[in-house]
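Fold and geometry: a report
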Amino acid sequence: MRLDDLKPAPGSRKRRKRVGRGEGSGHGKTSCRGSKGQKARSGGQVPPSFEGGQMPLQRRLPKRGFKSPFKKHYAIVHVGDLERFEAGSILDPEALLKSGLLKKLGDGVKLLSDGELNRALTVKVHKLSAKAREKIEAAGGKVEVI
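Notes on the structure follow. Values in this document were obtained by computation on a predicted structure and should not be read as measured data.

Let us look at the overall build of the protein chain. Each helix and strand counted, the protein chain has three helices and six strands in total. Put simply, the protein chain runs from its N terminus to its C terminus through helices and strands in the order α-β-β-α-β-β-β-α-β. Taken over C-alpha atoms, the radius of gyration comes to 32 Å for the protein chain, far larger than the 15 Å a tight globule of 146 residues would show. In terms of principal-axis extent, the alpha carbons of the protein chain reach across some 90 × 65 × 20 Å. The buried share of the protein chain, reckoned over its 146 residues, is 18%. Nonlocal contacts in the protein chain, meaning residues at least 24 apart in sequence, comprise 44% of its contacts between residues at least 6 apart. Accessible surface, the protein chain as shown: approximately 11900 Å² in total, 51% of it carbon and sulfur. The protein chain carries 33 positive and 15 negative side-chain charges, and their two centres are separated by 19 Å.

This is the structure in C-alpha cells:
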C-alpha cells in the first residue's frame, strides 16, 4: 500500500444534493421544496415551539414566583469543615478555594454553624451566622467580616 493508493471506505463519503440545477437533475424547478406555503419560502421555517396555531405551552402555563436578577449566591462553608486546618491558620476565601473546600467563590463566602470546631482559627468571610461566630470564638478563634 502506498499513499497514492489511499481511498475512503466505499459508501463513507456521500455527494451533496445540488438543488435548482435543471429539471433533468430531479432536483430542479422548486428545488425539492414543493410548491407554495411557508416552508417553500426563503427564511420560511416553523420554529420548534410552534404548535400549529394552538396556544403555545409557554403561554398556557401560569406564571409563578419571581427571580431577582440581583440575588447574591454565596459559597457555603460549615464550621465542622474547618476542622481539617491546623490551629492558628488564617482562612480567607483564597485559602478555602486552594484547599478544595470551595469549588468557586460566587459573590462571597458564608460561614454556617453546622459541626464542631476544637482549634483556634482566624476566619475571614463575607457573611456568617451568629451561631457560627459563637462556635469559632468558643474554640479560641477570631472572625473577621470582609
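That shown, we press on.
Pairing within the open sheet is parallel, and its three strands lie in the order β1-β3-β5. One side of each edge strand has no neighbouring strand; the edge strands of this open sheet are β1 (75-78) and β5 (127-128). Relative to β5, strand β3 (residues 109-112) is paired through two bridges, and the arrangement is parallel. Bridge pairing in β5 places Leu-111 opposite Leu-128.

With that settled, the discussion passes to unusual backbone geometry. With a phi close to 55°, Ser-31 is a non-glycine residue in the positive phi region. Here Ser-31 lies in the segment before α1 (57-60). Of note in this structure, Cys-32 is not a glycine but carries a positive phi near 65°. Along the chain, Cys-32 turns up in the segment before α1.

Here is what the cut-offs are and how they apply
Residues numbered from 1 in each chain as written. Predicted model: local features only at pLDDT ≥ 70, side-chain atom pairs only at ≥ 80, totals over all residues. Heavy atoms only, no water. Helix = DSSP H or I, 4+ residues; strand = E, 2+ residues; numbered from the N terminus. Rg over C-alpha atoms; globule rule 2.2 N^0.38 Å. Buried < 20%, exposed > 50% of the residue type's maximum accessible area, 1.4 Å probe, protein only. Contact = heavy atoms within 4.5 Å. Areas by Shrake-Rupley, 256 points an atom, 1.4 Å probe, with all protein chains shown as cover. Lys, Arg positive; Asp, Glu negative; His and termini not counted. Charge placed at Lys NZ, Arg CZ, Asp CG, Glu CD. Pairing = 2+ DSSP bridges.

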